[in-house]
Amino acid sequence: MISRTSSVGPKFCQLALTWLTSTGVPVDVSQVSANWQNFGPTLDVRDITASLKDGGYPKIKRVTLALDVWQSFLHLRWQFRDLTFYQLQFLTNTPLRNRDN
């Protein structure tokens, strides 16, 4: 079950959930909350888990993301004031590098 709280509206939280699942990998999230600050939107996502094809998983207790709208417009690309991962765990059964390379 996903809990959504937002002062910028439920559409922003739905957009964030769509973005999280856009890779085709099943993602579970316990809570998504969003707020609007002077510099732009902030997003707080909690208890993120996913299942990888090789049987591994990423597991993140909390992710905070703050988009700087004004800098993004100025540079014509995404500019984040903050992107922080709390208690990130990642297990993969696929080698990161092949011995031949």
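The coordinates are above.
Residues numbered from 1 in each chain as written. Predicted model: local features only at pLDDT ≥ 70, side-chain atom pairs only at ≥ 80, totals over all residues. Heavy atoms only, no water.

(A) Up close: the pattern of salt bridges. Under the counting rule described, the total for this entry stands at 4 salt bridges. Residue D44 is joined to R46 by a salt bridge in which the shortest nitrogen-to-oxygen separation is 2.8 Å. For D47, the salt bridge goes to K61, with nearest N and O atoms at 3.2 Å. Here D47, found in strand β4 (residues 40–50), pairs with K61, found in strand β5 (residues 57–67); they are 14 residues apart in sequence, far enough to count as distant. Residue D47 is classed as partly exposed on the basis of its relative accessible area, which comes to 33%. (Salt bridge = Lys/Arg side-chain N within 4 Å of Asp/Glu carboxyl O. Helix = DSSP H or I, 4+ residues; strand = E, 2+ residues; numbered from the N terminus. Buried < 20%, exposed > 50% of the residue type's maximum accessible area, 1.4 Å probe, protein only.)

(B) Main features of the packing of aromatic side chains. If you walk through the whole model with that rule in mind, you get 1 aromatic pair. Ring centres of W70 and F73 lie 6.4 Å apart, and the angle between their planes is 55°; this geometry places the pair in the tilted category. In this pair, W70 and F73 both sit in helix α2 (residues 69–75), 3 residues apart, roughly one turn of the helix. Neither residue differs from the other here; W70 and F73 are each classed as exposed. The cationic tip of R62 hangs over the ring face of Y86; the distance from NZ or CZ to the ring centre is 4.8 Å. Cation over ring: R81 sits above F39, and NZ or CZ is 4.3 Å from the ring centre. (Phe/Tyr/Trp six-rings, centres within 6.5 Å; stacked < 30°, edge-to-face > 60°. Lys NZ or Arg CZ within 6 Å of the ring centre and 35° of its normal.)

(C) Quick peek at the environment of R46. Relative to the elements of secondary structure, R46 occurs in strand β4. In this structure the C-alpha to C-alpha distance between R46 and V29, which are 17 residues apart in sequence, comes to 6.3 Å. For R46, the residues in contact, after removing those within four places along its chain, are V29, S30, Q31, K61 and R62. (Contact = heavy atoms within 4.5 Å.)

Function cannot be read off these values alone, since they describe shape.
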